[in-house]
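# A closer look at the structure
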2 protein chains.
Amino acid sequence: MAIWSLKPLLSPPFCLTALIFIFLCPKHSHQYHYPLNSLTPSEFTSIRKCVEETYGEASPKLTFHYVGLDEPDKPVVQSWWLQQSVGSTPASPPPRQAYVVVRIDGHTEELWVDLGKGDRASLIAKKVYAGKGYPMFGFKEQDAAGNLPFSYRPFLDSVERRKLNISLVVCTVSSTGWFGEKETKRTLRVLPLYKGGTTNLYMRPIEGITVVVDLDLMEIVRYHDRFRVMIPEAKGTEYRMSKMNPPFGPILKGASMVQRGGPGFHIDGSLVSWANWKFHLGFDSRVGPVISLASVYDPDSGTFRQVLYRAYISELFVPYMDPTEDWYYRTFFDGGESGLGQSSSSLKPHADCPNNAVFLDAYFAWQDGEPVEVKNAMCVFERYAGDVLWRHTEVLLPEQVTEVRPGVSLVVRMVSTVGNYDYIIDWEFKANGVIKFEVGLTGILEVRATNYTHTDQVKNNDDLYGSLLAENIVGTYHDHFLAYHLDLDVDGVRNSLVKEELKTRRVANGSVPRKSYWAVEKMIPRTESEARFRLGQEPSEFVVINPSKRTKIGNNVGYSLVPGQVGSSILAREDYPQIRGAFTDYNLWVTPYNKSEKWVGGRFTDQSRGDDTLATWSSRNRKIENEDIVLWYMLGFHHVPVQEDFPIMPALRTGFELRPANFFERNPTLKVKVTP
Amino acid sequence: MAIWSLKPLLSPPFCLTALIFIFLCPKHSHQYHYPLNSLTPSEFTSIRKCVEETYGEASPKLTFHYVGLDEPDKPVVQSWWLQQSVGSTPASPPPRQAYVVVRIDGHTEELWVDLGKGDRASLIAKKVYAGKGYPMFGFKEQDAAGNLPFSYRPFLDSVERRKLNISLVVCTVSSTGWFGEKETKRTLRVLPLYKGGTTNLYMRPIEGITVVVDLDLMEIVRYHDRFRVMIPEAKGTEYRMSKMNPPFGPILKGASMVQRGGPGFHIDGSLVSWANWKFHLGFDSRVGPVISLASVYDPDSGTFRQVLYRAYISELFVPYMDPTEDWYYRTFFDGGESGLGQSSSSLKPHADCPNNAVFLDAYFAWQDGEPVEVKNAMCVFERYAGDVLWRHTEVLLPEQVTEVRPGVSLVVRMVSTVGNYDYIIDWEFKANGVIKFEVGLTGILEVRATNYTHTDQVKNNDDLYGSLLAENIVGTYHDHFLAYHLDLDVDGVRNSLVKEELKTRRVANGSVPRKSYWAVEKMIPRTESEARFRLGQEPSEFVVINPSKRTKIGNNVGYSLVPGQVGSSILAREDYPQIRGAFTDYNLWVTPYNKSEKWVGGRFTDQSRGDDTLATWSSRNRKIENEDIVLWYMLGFHHVPVQEDFPIMPALRTGFELRPANFFERNPTLKVKVTP
């Protein structure tokens, strides 16, 4: 059954609904979509039943912290994919299993559940997790923790002392991080905010109060009220249109995309096809969208060729740079702690996505194990930004020739709202074989209240740990590191990374009066230790090649990684947040495929100790030449806030590309046709 | 009079022509557009007359190599702008003058012509240029040089020896560069190509023949036929749709932009206004589009505030990396040698620009001084790529709040086709105050013919100086450096550059268990030598501030430069091409405003010797703190060709941004309204 319910959303005046349906009316997902499909609502329910039966009596105390597809081993999926792609149905359908993480009686347990047998799920294995770190937070326990202060006398006194109206206080929560403690409990910090007169309560933090909640006891285990700071005014912090007063502006004339020929993409269950691309689109509560089995059509061979086996955002590390008591611990791992998928926002038609978008719902397990639906969790649309695919004007010929091909592309989008921040996550497929990974950072800054109302009052700027954005508001310096898991299979499973270094050469003999030029020196890392790179230091390119596949004229087929803005971690290597986020020690890593290596911050990221990160995996120094390799790219971003980010941030977009490099025999869009 | 003739081009089914006209029907450009307007056809003609009268008898031998606006000194324009912006008409209109470069009797002369007095132009000054280097090439002389071989016996013999059909030979030309010669003549290299069976003659070079033409004598002064190389087949090189055979594909469903509210921009003469932006759009035969007096509306002050006084692409340096006899000299300066403006291609409606674009014609002086019109030389359109200006979903409140603002922007586009290469040059203005500078590189590669048909035949890859792209075709390694002239006036003329370095700090006292964080250290270069930067080496930001203007809370108003991919020159510093292109020694430079410092490769770039480059200007080490400063940003790009670039290159887009940094009191799009 198709896990997506499709809702074409079009601007009224150009209602192509009928047309859209011809293209997009969901079919029952075929057998061959099966093994990588995300869990369905009924599967979530049967998993819950199975798990609860397993624990019997104990089950009331049971909470679910991750329920996701435990995809079959790659070789299984690959051989199945191969069979179905040649039209034959596999003898036995690949196994379908789920991986489940629960908390019970104050400890973490992992379960593997089989879904193969119709509606009934059955337990395969179960094990108590004895290691360090804790699973993702559930929304229910976060709410519960945030409510505790309202029945906690010392907190009520603190609010009273500040002459605040308790009914206007809202509490949000923060992970506590790990800073060398030998023993830890599963805790959350509670951060009080003040909503009086604004939606933008993040701009009105109540500083000076420390509240630590033990999640297993679900009670406040630490409380301090150390100092008071002026709470920023509500004035000027609102962003809802309904609350705005004239004058308005700038006025933008909106635009609708009209495709008289109808949309160019087709969604069948979880399989998306568009122009020369097809791929599987999944959803996971932890990482959000998952692109699998992306392959592109080769006009020369007349076949679809593999590019990407599986890609997703493995982790999102957001360390703040304020080392004071109530801030130093703010070193968030939005993937492993909050879940990018379960934090996804319902997309707004005609705003989050253009009028020609199709929306897809998604599901994840609530703390009680029951499926929750996120309406419009993802959208798929064709983008035409007025760009040119290729062009040339030839003036050397008597008949002047001008040939131009406009560029249309396909975008898959999700927005993950982790508390104050909104991440617009785009995956863009282009007809020239390029896959562009882009993220837009927007939403609300995490700010600190201060008594300063003017920079002249600030003696030492270093004491701000950020930028003064408005009276009494400091936008704290911070980073965003998105760790992309890129399991490329360039025209096959066994690939190698080639580093092409552009090196200055001297003109040897005086044959010509010129003295220098540059040449390409290729370096192929053989093991993981040779494949850790800081980018932007020297002119070089990175290409993933298939050593056993060559073009007709003998070039190894490949795909190159084209970095965008590069941001590396500036924290001290031996600092605790950096040990936990050691995957940001480099911008680019290569590891051999290992199904268990999914989350660069570790399986249990909350209060993790860095013993299960990409850095530890990579330290095994395995062979990566002519192997099934995975690239890990860190999209890094340092944020020095500016007043323009107040009270809500204009989206900052940044990204990178995978680009064919001798993958095709020639420009794959040479014969492209763009229908009016 | 408006120099642009406007031709709204819309897709038939949504004909808004009437509407468009209300918005775009060209008015006579008001007096206040006057001083920066590009030269008009009648002005070109009166300049020609004036110059010919000056030389009298000699004039038949006279050729024009540059005729452009010699804009008034900045203070004059500034004070005039100030007056007109408050509505008062300046006592005396600013002077209107032209700068002219001619060749006569084998030498270069510069003339300054006054245009103030109605239709009659009068000579102000005239001087023989005694320095090194030569002016831009004219198309007439390039054609003439390319025709010489056809009446040159040795060349005809060479063609015969190669058993080629002379009627299929086409000759293109190349600048000769400078490689330490004491004495130089004004010469061109002639490069023979073979068009048999294809439009794509660049893919069929006839190698081994050296032809050097003296342009003053207009005769071949050097000729060698040193070796023969297989000429690549025509097969597979064609790119015209009319010559393609099925199967076609990929098939893209085209899209039209429909703005029911009509376009959001307005063009009055040379003044473009859109949303919260207004700027002057000019055109120059050497640099192409010129953006002047760009200012953005500040909702807090209720006024337009200056951002950019004048911006354009000062030079485009394209060195190739093949040091052999017939290639080493290929180190092109497409601005100073060929002229980005006079090389502009007529834009194709619905292809080069989307259906909602408005097209503008441009003019430049032919070698005889008469104006030539380039139809559709530039286009202006609103881009909606489905992007989000800002958004947030607030889950902490009982009533879930989601606010999203879609992003529409304004694009000014020109395509400059310099021989084989097409540069798509975009200037994008965004409502959030961002100006994005982007270039798309497409067209045809410059390739070398080779006898190799397979990489296995290549003993030493270093001998290729490029990549084998097809049988007998090598795509030569090369660079593109676009040098942007960015004369920022951030809220006024006197600005300073601030380098913000992000530095690791240690947590001093053991107050918290965390060990490190980062802080911002500001460095303000005082002189030019302190303001030369290689980007991407360390985490830092660059902000141009106005030291005497602050926000209400005391931050200096500023605009930050956000680099994209950074590419620095890899040539040896002491190599001749690098001496001439010394402006690529760094990615970012700052100089004080100096009207005469326009072209970073020098006024006379052909065979220049590096005595008049940005590097020499900067070596004067002038004060740049709290001065009227100019930023020079190098958009650099190394090209290792791949088979996908054959036979025509998919556009590679890259760029950078200017972004407000405490320029506004708050997000300037907080009250943005997007009309349906």
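Here goes a summary of the coordinates provided. Throughout, a residue's number is its position along its own chain's written sequence, starting from 1. Numbering of ligands from 1 and lettering of chains from A proceed in the order in which they are written. pLDDT decides what is reported in this predicted model: residues at 70 or higher carry local features, side-chain atom pairs at 80 or more are listed and counted, and totals for whole chains, interfaces and linings draw on all residues regardless. Note that water and hydrogens are dropped before the side-chain values are worked out from all heavy atoms of the structure.

Take the interface of chain A and chain B next. Listed as interface residues are 174 residues of chain A and, on the opposing side, 174 residues of chain B. Once two parts are brought into contact, the accessible area they lose, counted with a 1.4 Å probe and summed over both, makes up the buried area. Summing both sides of the interface, chain A and chain B together bury roughly 14700 Å²; the carbon and sulfur share of this comes to 57%. For chain A, the biggest contributors to the area lost against chain B are Leu252(A), Arg514(A) and Trp518(A); these three give 6% of the whole. The rule for a salt bridge is simple: a side-chain nitrogen of Lys or Arg has to be within 4 Å of a carboxyl oxygen of Asp or Glu. The closest approach of N and O atoms between Arg413(A) and Asp387(B), which form a salt bridge, is 3.8 Å. What qualifies as a polar contact is a pair of N or O atoms within 3.5 Å, subject to a donor-acceptor requirement within protein and to the restriction that residues adjacent in sequence count only when both atoms come from side chains. Counting the contacts that link chain A with chain B gives 102 residue pairs in polar contact (both at pLDDT 80 or more). Note on conventions: DSSP H or I runs of at least 4 residues are helices, E runs of at least 2 residues are strands, and numbering of each starts at the N terminus. Of all the elements, strand E36 (residues 649–661) of chain A adds the most residues to the side of chain A that touches chain B, at eight residues. For this classification, Asp, Glu, Lys and Arg are treated as charged, while Ala, Val, Leu, Ile, Met, Phe, Trp, Tyr, Cys and Pro are nonpolar and the rest, including Gly, are polar. Among the residues forming the side of chain A that touches chain B, the class breakdown is 87 nonpolar, 46 polar and 41 charged. What makes two residues a contact is simply this: any of their non-hydrogen atoms within 4.5 Å.

Next up on the list: the relation of the copies chain A and chain B. Overlaying chain A on chain B yields an RMSD of 0.0 Å, the required transformation being a rotation through 180° with an accompanying axial translation of 0.0 Å. Here the two chains are linked by the operation of a two-fold rotation axis. By residue overlap, the copies meet face to face through one surface: 100% of the interface positions of chain A are interface positions in chain B. In this comparison the copies share one frame, found by least squares on the C-alpha atoms of residues holding pLDDT of at least 70 in both.

All names here are of chain B. Multiplying 1.5 Å by the residue count of a helix minus one yields the expected span of that helix. The first and last C-alpha atoms of helix H2 (residues 41–55) sit 22 Å apart over 15 residues, in line with the 21 Å expected at 1.5 Å per residue. The buried label goes to any residue with under 20% of its type's maximum accessible area, the exposed label to any with over 50%, and the partly exposed label to all in between, with areas taken from a 1.4 Å probe on protein chains only. Along H2, the positions that sit buried rather than exposed are Glu43, Phe44, Thr45, Ser46, Ile47, Arg48, Cys50, Val51 and Tyr55. On the buried face of H2, the contacting elements are strand E2 (63–70), strand E3 (97–104), strand E4 (107–114), strand E5 (122–129), strand E18 (358–365) and strand E19 (371–383).

So, about the pairing of strand E7 (residues 187–194) of chain A. All names here are of chain A. Counting buried positions over the eight residues of E7 gives eight, a clear majority of the element. One requirement defines pairing of two strands: DSSP has to find at least two bridges between them. By the bridge criterion, seven bridges tie strand E6 (residues 169–175) to E7 in an arrangement that is antiparallel. For Thr172, the partnering residue across the bridge sits in E7 and is Leu191. Here E7 runs beside strand E8 (residues 209–214); their pairing, made up of three bridges, is antiparallel.

Time to look at the sheet that holds E6(A). By definition, the strands of a sheet pair up through backbone hydrogen bonds, in either a parallel or an antiparallel sense. Residues and elements named next belong to chain A. Strand order in this open sheet of four strands is E6-E7-E8-E9, and the pairing throughout is antiparallel. Only two strands of the sheet have a single partner each, and these edge strands are E6 and strand E9 (219–225). Between one strand axis and the next, the sheet turns through 30° on average, direction left out of account. For helices, the fitted axis covers only the stretch in contact; all axes are lines through C-alpha atoms, and the angles between them, taken along N-to-C directions, range from 0 to 180 degrees. Packed on one face of the sheet, helix H5 (residues 153–161) meets E6, E7, E8 and E9 and runs near 30° to E9.

Turning our eyes to something else, we now look at the environment of Phe137(B). All names here are of chain B. Structurally, the position occupied by Phe137 is in the loop between E5 and helix H4 (139–147). Under the relative-accessibility criterion, Phe137 is labelled buried at 3%. With 51 residues separating them in the primary sequence, Phe137 and Leu188 have C-alpha atoms 9.4 Å apart.

For the rest of this paragraph, the subject is the packing of aromatic side chains. Residues and elements named next belong to chain A. Between the rings of Phe, Tyr and Trp (Trp by its six-membered ring), a pair exists once the centres lie within 6.5 Å; its type follows the angle of the planes, with under 30 degrees stacked, over 60 edge-to-face, and the other angles tilted. All told, the structure shown has 74 aromatic pairs over all chains when counted by the stated rule. Centroid distance Tyr99 to Trp112: 5.4 Å. Interplanar angle 45°. Geometry classified as tilted. Note that Tyr99 is positioned in strand E3 (residues 97–104) and Trp112 in strand E4 (residues 107–114), a separation of 13 residues in sequence. Classification of Tyr99 as buried rests on a relative accessible area of 7%. Centre to centre, the rings of Trp427 and Phe437 are 5.3 Å apart; their planes meet at 65°, and the pair counts as edge-to-face. Of the two residues, Trp427 sits in strand E23 (residues 421–430) while Phe437 sits in strand E24 (residues 435–443), which places them ten residues apart along the sequence. Exposure class is identical for Trp427 and Phe437. Each is buried. Sitting over the face of the ring of Phe304, Lys278 holds its NZ or CZ atom 4.2 Å from the ring centroid. Placement of a positive charge over a ring is assigned whenever Lys NZ or Arg CZ falls within 6 Å of the ring centre and within 35 degrees of the normal to the ring plane.

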